[in-house]
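The chain contents come next:
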Amino acid sequence: MTYENTEAFARRMDAEDPLASYREAFLFPKHHGEEIIYFTGNSLGLQPRKAAGKVREVLTDWEELAVEGHFNAKNPWWEYHEQLAPYLERIVGAKPGEVTVMNTLTVNLHLLMVSFYRPEGKRFKILCEEKAFPSDQYMLQSQLRFHGYDPAEALVEVRKRPGEHHWRTADILAAIEEHADSLALVLMGGVNYYNGQVLDMEAITRAGQAAGALVGWDLAHAAGNVRLDLHDWGADFAAWCSYKYMNSGPGNASGVFIHQRHLGQKDIRRFEGWWGTRKETRFLMQPEFDPMPTADAWQLSNPPILALAPYMASLELFDEVGMEALIAKRDLLTGYLEFILGEVDKEVDSRFEIITPADRGCQLSVFLHGEGRPLFDYLMDHGVLPDWREPNVIRLAPAPFYCSFMDMYRFGQILKAGIQAGSGAGSPAT
Ligand SMILES: *Cc1c(COP(=O)(O)O)cnc(C)c1O
């Protein structure tokens, strides 16, 4: 694709974009009456226009049916979560029964560790990437301490090479090899939240398992953003939040993948609750747990239906469009953003450095050498919503569902004006 930094080109790309109409399916915050340029779909996806209707439906069923809604609602609540699973299976590349929706991400990772972190004798270490998302670090450290290990010894963090901004697959595989005898679990972020890198999940999964460890993935930045084939890659488990690329709403329910090979086991180590026991006998209130034959066996409580309703609205859109079409647009759109950044860089000599490697989803993380927080504030004041990470990295994630090529063009114009206006002038390069 030969890109051009012109309004006419951006308009033409939008006119030819088969997903352009989906912008209308989402609600945009406004800045001086105009839709903002939203780069933070990797943090909180926009609200699907149909979300409110889905919530209204549940409220109406509650109003009109009360407790009877569990079985008689339009979408009966007792199996509401089961409707979300098939959509998610297609998004993450799972077989029927391998996905469930429950709780929130960090909670689920803890629950999954109960089942899949099985330290024994010499085999007790966990391997992850250095500077993993803080919640994951706290989760891993506290799990290790809970089992009586010292994280300083038991947590293996794969580092980037000095001066490099991304992990090399070879280095990750070498670390797995090095600790092969003592490794119990590999648990990494499939797409790194900071630099936007997509790890080679298949190669790492196979290497971890060949070393005798179980392998799980935190897919917070991957689900709904990149191609996933969890079943075929053979991952033991995975979990993701739904409020980032999946547009389900703030703090909403997490998704969980558990590979078929771990399903249908009565004696697996697991924390259990009544929603994981077989549907057919659940309401007989028997004392013995009889697990669902699917990932639903990990369910504890009856799920929050009002929360799942907007998630359903978003998943219906995903199913209409499909990951393939989203990814095709993602690559064009992110490529255009990369091009625009390069053009602005040439015009103002601002020395942006994109630290996101070629293996990426829709996020570009950009080092602003010589520019600082004032430039970020300028963008915010001009209807652009990016994300700021210390020391001076902005993360730009043009979600293909609702961002347009015109957004990228307009962003370039605002960015250039911001630098020329000297927003960064005189500010220390923090
Ligand atoms: C966003 C994110 C989380 C958030 O966890 P919650 O439990 O949903 O608050 C965790 N891990 C990673 C890698 C993330 O990107």
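Since we're looking at a predicted model, the values are computed, not measured.

Caption draft 1: A look at the UniProt feature "modified residue: N6-(pyridoxal phosphate)lysine" (unreviewed entry) in the protein chain. Sites flagged by UniProt as "modified residue: N6-(pyridoxal phosphate)lysine" (unreviewed entry) map to K244. Tracing the backbone shows K244 in the loop between strand 11 (237-240) and strand 12 (254-258). Residues within four places of K244 in sequence aside, it is in contact with G41, N42, S43, L44, G45, A220 and H221.

Caption draft 2: Spotlight on the packing of aromatic side chains. Under the criterion given, the structure shown has 25 aromatic pairs. For the pair F9 and Y336, a centre-to-centre distance of 5.4 Å together with 50 degrees between the ring planes defines the contact as tilted. Of the two residues, F9 sits in helix 1 (residues 7-16) while Y336 sits in helix 13 (residues 323-348), which places them 327 residues apart along the sequence. Residue F9 is classed as buried on the basis of its relative accessible area, which comes to 3%. The exposure class of Y336 is buried, given its relative accessible area of 0%. Centre to centre, the rings of F28 and Y402 are 5.9 Å apart; their planes meet at 90 degrees, and the pair counts as edge-to-face. Here F28, found in the loop between strand 1 (26-27) and strand 2 (30-31), pairs with Y402, found in the loop between strand 17 (393-396) and helix 15 (405-420); they are 374 residues apart in sequence, far enough to count as distant. Taken together, the ring pairs connect Y22, F26, F28, Y38, F318, F401 and Y402 into an aromatic cluster. R23 extends its terminal NZ or CZ atom over the ring of F28, reaching a point 4.5 Å from the ring centre. One cation-aromatic arrangement involves K160 over W167; the distance from NZ or CZ to the ring centre is 4.5 Å.

Caption draft 3: Spotlight on the packing of helix 4 (residues 80-92) against helix 12 (residues 305-321). One can describe the packing of helix 4 onto helix 12 by two numbers: an axis separation of 10 Å at closest approach and a directional angle of 35 degrees. When you trace helix 4 past helix 12, the crossing you get is left-handed. Contacts between helix 4 and helix 12 involve Y80, H81, Q83, L84, Y87, L88, R90 and I91 from the first element and I305, L308, A309, Y311, M312, L315, E316, F318 and D319 from the second. Of the residues contributing to the contact of helix 4 with helix 12, the split by class is 12 nonpolar, 2 polar and 3 charged.

Caption draft 4: Expanded view of empty space enclosed by the protein. Throughout the structure, instances matching the rule amount to 2 cavities of 30 Å³ or more. Reported here for the largest cavity is a volume of approximately 50 Å³. In terms of lining residues, the largest cavity is bounded by G224, Y245, N247, F318, L326, A399, P400, F401 and Y402. Split into classes, the residues belonging to the lining of the largest cavity amount to 7 nonpolar, 2 polar and no charged. Split by domain, the lining of the largest cavity shows at least three residues from each of two domains, domain 1 (7-35 + 322-420) and domain 2 (53-321). The dominant element in the lining of the second largest cavity, judged by the number of residues it contributes, is helix 5 (residues 105-116), at 3 residues. Broken down by class, the residue content of the lining of the second largest cavity amounts to 5 nonpolar, 1 polar and 1 charged.

Caption draft 5: Structural detail: the domain arrangement of the protein chain. Domains assigned within the protein chain are domain 1 (7-35 + 322-420) and domain 2 (53-321). A straight line from the C-alpha centre of domain 1 to that of domain 2 covers 30 Å. Opposite the 29 residues of domain 1 that make contact, domain 2 presents 21 residues. Taking both partners together, domain 1 and domain 2 bury about 2200 Å²; carbon and sulfur atoms supply 61% of that area. Where domain 1 packs against domain 2, one counts 0 salt bridges. Here domain 1 and domain 2 share 12 residue pairs in polar contact (both at pLDDT 80 or more) between them. Listed by contribution, the elements that provide at least two residues to the side of domain 1 that touches domain 2 are helix 13, strand 14 (364-368) and strand 17.

Quick notes on the rules
- Residues numbered from 1 in each chain as written.
- Predicted model: local features only at pLDDT ≥ 70, side-chain atom pairs only at ≥ 80, totals over all residues.
- Heavy atoms only, no water.
- UniProt positions renumbered as here; feature names shortened; annotations may be inferred.
- Helix = DSSP H or I, 4+ residues; strand = E, 2+ residues; numbered from the N terminus.
- Contact = heavy atoms within 4.5 Å.
- Phe/Tyr/Trp six-rings, centres within 6.5 Å; stacked < 30°, edge-to-face > 60°.
- Buried < 20%, exposed > 50% of the residue type's maximum accessible area, 1.4 Å probe, protein only.
- Lys NZ or Arg CZ within 6 Å of the ring centre and 35° of its normal.
- Axes fitted to C-alpha atoms, helices over the stretch in contact; angles between N-to-C directions.
- Left-handed = near helix turned anticlockwise from the far one by under 90°.
- Nonpolar A, V, L, I, M, F, W, Y, C, P; charged D, E, K, R; others polar.
- 1 Å grid on protein atoms, 1.4 Å probe; cavity = no way out; pocket = protein on both sides within 12 Å on 5 of 7 lines; lining within 4 Å.
- Points joined across faces, edges and corners; volume = space filled by probe spheres on them.
- Domains from an automatic or database assignment.
- Buried area = accessible area lost by both parts, 1.4 Å probe.
- Salt bridge = Lys/Arg side-chain N within 4 Å of Asp/Glu carboxyl O.
- Polar contact = N/O pair within 3.5 Å; in protein donor to acceptor, adjacent residues only side chain to side chain.

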